[in-house]
Amino acid sequence: MAIFLTEDDVQHLLPMTEAIEAVELGFKEHGNGSAVNLHRSRVQAGDTGITMMVAVLGDQRVTGFKVMGTGGAQVHLYNCGKNQLVAVLEARNLGQIRT
């Protein structure tokens, strides 16, 4: 069963040290060729638009995407080993922590 994490949950449950470790792991996988991170994809019609980013961590068997629009941002994470959605996170704070 997937969990839903609000902005406040993300802020309280993700210490900076763990965020740094996760980013480093992603870069390591990317460097050894087991991760793929697609370029941002943006679609706009008039003043309505959406942006999406997709990534795969092959060694971790995790995939996910971030979607951003006028209503905010969310990240959806999937466990490929179990073929299931793991979590949906509100992602404004997550992006700030990562940056």
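To start, this report covers the structure provided alongside it. (Residues numbered from 1 in each chain as written. Predicted model: local features only at pLDDT ≥ 70, side-chain atom pairs only at ≥ 80, totals over all residues. Heavy atoms only, no water.)

### A few points about helix 2 (residues 16–31)
Working note: α-helix, 3.6 residues per turn, so residues spaced by three or four point in the same direction.
Here's step 1: Along its 16 residues, helix 2 runs 22 Å from first to last C-alpha, staying within 8% of the 22 Å computed at 1.5 Å per residue.
Here's step 2: Those residues of helix 2 lying buried are Ala19, Gly26 and Glu29. One side of helix 2 holds all its buried residues, which, seen down the axis, span an arc of 90°. Every exposed residue of helix 2 that faces more than 90 degrees away from the buried side is listed here: Thr17, Glu21, Phe27, Lys28 and Gly31. (Helix = DSSP H or I, 4+ residues; strand = E, 2+ residues; numbered from the N terminus. Expected span 1.5 Å × (residues − 1). Buried < 20%, exposed > 50% of the residue type's maximum accessible area, 1.4 Å probe, protein only. Arc of directions from axis to C-beta.)

### Concerning the packing of aromatic side chains
Each aromatic ring pair is described using two quantities: the centre-to-centre distance and the angle formed by the ring planes.
Here's step 1: Inspection of the entire model under this criterion finds 1 aromatic pair.
Here's step 2: Where Phe65 meets Tyr78, the ring centres are 6.3 Å apart and the plane angle is 25°; that geometry is what we call stacked. With Phe65 in strand 5 (residues 62–69) and Tyr78 in strand 6 (residues 72–79), this residue pair connects regions lying 13 residues apart in the sequence.
Here's step 3: Residue Tyr78 is classed as partly exposed on the basis of its relative accessible area, which comes to 29%. (Phe/Tyr/Trp six-rings, centres within 6.5 Å; stacked < 30°, edge-to-face > 60°.)

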